[in-house]
Amino acid sequence: MIKHDKACYGFTYTIHIKRLTNDLCAVSPITAESVCKDAGCSHSCITAVDIPTCTCPEGMVLEDDSKTCTVPVTILLGMHRKISAITGGEGEVRSLLPVGTTAFDFHYNNKEIIAFADNNIMRYSFAGELTIPKQPSAIATPTSRVSSLAVDWIHQDVYWISRQRSAIEASSLSGNSVREIIAVEEEESSDWNNLVIDPAAEKLFWLGRKGVYSCGLNGKNLKSNITSWPVDAEDIALDTQNKLIYIIGNYGNGVNKVVAASHYEGTPVGDIVTIGQSGSKIYGFGVLGNTIYWESNHDGENLYKCEIPSAKEKANVTLVEELYQIVYDLKIYHPDIQKTGK
């Protein structure tokens with residue numbers, strides 16, 4: 001850019017131009033508005049000495065192109081005495097709530113965490129992006145201890161698995177009486193776990209003695225062993241945008257930890273992805289786009305991730321963070337996890 005002083009019509013202007021023209025007096029002075037317009041910022045912009053800088057709203061970060069704002073991936077971790085979080089790029093685990101829980105989920109638009117604590121289903125709201133917790137409130141009291149829960153962000157309900165009986169119960173998030181969705185009395189009481197939900201498809205999925213189960217939000221159309229992969233599943237996660245169930249567990253007599261995907265009705269998709277870590281135990285699992293996250297006790301209690309590889313490619317497993325304690329539940333806090341469109 002060229003700085004040039006020019007007398008035009010009796011006045012002297014200092015103008016900044018990108019190229020020379022035959023008539024410098026015809027070049028309009030560059031304004032902050034025009035500088036920002038040409039900067040290509042995805043959200044907002046500020047200027048200093050005619051140099052634009054792209055800025056982002058609260059809860060978003062600037063990508064490496066210095067123009068695009070995106071929501072960073074935050075992993076929520078349910079631990080023995082607290083719920084913690086680690087956000088991409090921060091490189092540290094921060095405590096969100098001094099609440100020990102074995103089951104929790106979140107409502108992204110409401111900026112809330114819903115957790116089983118003190119024998120109740122509790123709501124923990126925040127001011128801002130999971131920064132300042134407000135006074136908690138009880139939603140409902142389950143009939144027994146809860147092993148897993150899932151928030152329906154479309155119909156504003158919460159579902160949970162009753163640990164002492166193979167049953168799924170529910171309540172509205174506004175807090176009313178507990179209703180039973182489904183119960184199978186012949187199942188062993190500790191079998192059902194890892195409840196996940198797709199509200200747009202009106203389906204629940206969970207793990208039990210007979211593999212992956214599913215039913216409607218009203219408890220109808222119960223199905224079991226819906227995936228045909230020869231995997232001893234330890235946890236499941238949903239890709240609600242592509243209507244896929246992901247399972248993580250043991251394959252080949254426990255020699256390898258693997259991840260596999262199926263359509264909701266059980267048809268296999270792609271190939272089994274080997275992530276190694278034989279002999280370890282999975283304590284949390286999630287999927288966002290083409291990336292999977294899990295917590296295991298491989299070489300200590302650690303959080304890992306990897307991109308789902310193309311056919312015949314090897315999975316590149318990355319250590320995200322050393323945690324030093326067992327995680328009872330893991331959730332990926334991101335708007336793409338809870339989109340409202342069908």
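Coordinates for the structure precede this section.
Residues numbered from 1 in each chain as written. Predicted model: local features only at pLDDT ≥ 70, side-chain atom pairs only at ≥ 80, totals over all residues. Heavy atoms only, no water.

1. With respect to the sheet that holds strand S21 (residues 211-216)
One open sheet accounts for three strands, arranged S19-S20-S21; its pairing is antiparallel. Because the sheet does not close on itself, it has two edges, and the strands there are strand S19 (193-198) and S21. Strand-to-strand twist across the sheet, computed as the mean angle between neighbouring axes with direction ignored, equals 20 degrees. With four bridges connecting them, S19 and strand S20 (residues 203-208) associate as antiparallel partners. In the strand pairing of S20, aspartate 198 is matched with lysine 203. (Pairing = 2+ DSSP bridges. Helix = DSSP H or I, 4+ residues; strand = E, 2+ residues; numbered from the N terminus. Axes fitted to C-alpha atoms, helices over the stretch in contact; angles between N-to-C directions.)

2. Some remarks on the sheet that holds strand S22 (residues 232-239)
Taken together, four strands build an open sheet; the order of strands is S22-S23-S24-S25 and the sheet is antiparallel. Among the strands making up the open sheet, the edge pair consists of S22 and strand S25 (268-276). Averaged over neighbouring strand pairs, the angle between their axes works out to 20 degrees when direction is ignored. Where S22 lies against strand S23 (residues 244-251), seven bridges are found, and the strand directions are antiparallel. Across the sheet, residue leucine 238 finds its bridge partner in S23, namely isoleucine 245.

3. As for the side chain of glutamate 169
When you line up the elements, glutamate 169 lands in strand S17 (residues 167-172). A relative accessible area of 2% places glutamate 169 in the buried class. A distance of 2.4 Å separates the side chain of glutamate 169 from the side chain of threonine 143, its partner in a polar contact. Of the polar contacts made by the side chain of glutamate 169, one reaches the side chain of tryptophan 160; its length is 2.7 Å. Not counting residues up to four positions away in its chain, the partners in contact with glutamate 169 are Pro142, Thr143, Val158, Tyr159, Trp160, Ser162, Val178, Arg179, Glu180 and Ile181. (Buried < 20%, exposed > 50% of the residue type's maximum accessible area, 1.4 Å probe, protein only. Polar contact = N/O pair within 3.5 Å; in protein donor to acceptor, adjacent residues only side chain to side chain. Contact = heavy atoms within 4.5 Å.)

4. Focus: the state of the cysteines
Scanning all chains against the criterion turns up three disulfides. Put simply, cysteine 36 and cysteine 45 are joined by a disulfide, and their sulfur atoms are 2.1 Å apart. Between cysteine 36 and cysteine 45, the S-S torsion sits near -75 degrees, and that sign places the bridge as left-handed. Linked covalently through their sulfurs, cysteine 41 and cysteine 54 form a disulfide whose S-S length is 1.9 Å. One disulfide, between cysteine 41 and cysteine 54, carries an S-S torsion of -80 degrees and so falls in the left-handed class. Of this pair, cysteine 41 sits in the loop between helix H1 (32-39) and strand S3 (44-48) while cysteine 54 sits in strand S4 (residues 51-55), and the two are 13 residues apart along the sequence. Judged by relative accessible area, which is 11%, cysteine 54 ranks as buried. (Disulfide = S-S within 2.5 Å.)

5. What to know about the side chain of serine 162
Mapped onto the elements, serine 162 comes out in strand S16 (residues 157-162). On the basis of relative accessibility, which here comes to 1%, the residue serine 162 falls in the buried class. A polar contact of 2.2 Å, which involves the side chain of serine 162, links it to the side chain of serine 144.

6. Focus: the packing of aromatic side chains
In the structure shown here, the tally under the stated rule is seven aromatic pairs. When the ring of tryptophan 206 is compared with that of tyrosine 213, the centres are 5.6 Å apart and the planes differ by 15 degrees; the resulting orientation is stacked. As far as the burial class goes, tryptophan 206 and tyrosine 213 line up, both buried. Plain terms: the ring middles of tryptophan 294 and tyrosine 304 are 5.9 Å apart, the flat faces sit at 20 degrees to each other, and that makes the pair stacked. Taken as a pair, tryptophan 294 in strand S27 (residues 291-296) and tyrosine 304 in strand S28 (residues 302-307) lie far apart in primary sequence, 10 residues in all. Here tryptophan 294 falls in the buried class, since its relative accessible area comes to 0%. When the ring centre of tyrosine 108 is taken as reference, the NZ or CZ atom of lysine 111 above it lies at 4.3 Å. Here the basic side chain of lysine 281 rests over the ring of tyrosine 283, its NZ or CZ set 5.7 Å away from the ring centre. (Phe/Tyr/Trp six-rings, centres within 6.5 Å; stacked < 30°, edge-to-face > 60°. Lys NZ or Arg CZ within 6 Å of the ring centre and 35° of its normal.)

7. A word on the pairing of strand S18 (residues 179-183)
As judged from the four bridges shared by S17 and S18, these two strands associate in the antiparallel manner. Each bridged residue has a counterpart across the sheet, and for alanine 167 the counterpart in S18 is alanine 183. Once S17 ends, the chain turns through six residues before running back antiparallel as S18, passing glycine 175 with a positive phi of about 90 degrees.

8. Let's talk about the environment of tyrosine 328
Residue placement: tyrosine 328 occurs in the loop between strand S29 (318-322) and strand S30 (329-333). Given a relative accessible area of 39%, tyrosine 328 falls into the partly exposed group. Through-space distance from the C-alpha of tyrosine 328 to that of methionine 79 is 5.7 Å; in sequence the pair is 249 residues apart. Once residues lying within four places of it in the same chain are set aside, the contact partners of tyrosine 328 are Gly78, Met79, His80, Thr101, Thr102 and Tyr283.

9. As for unusual backbone geometry
Generally, phi is negative for residues other than glycine and the peptide bonds are trans, each holding for most cases. With a phi close to 55 degrees, asparagine 194 is a non-glycine residue in the positive phi region. Given the relative accessible area of 18%, asparagine 194 is considered buried. Positive phi values are uncommon outside glycine, yet tyrosine 324 reaches one of about 70 degrees. Mapped onto the secondary structure, tyrosine 324 falls in the loop between S29 and S30.

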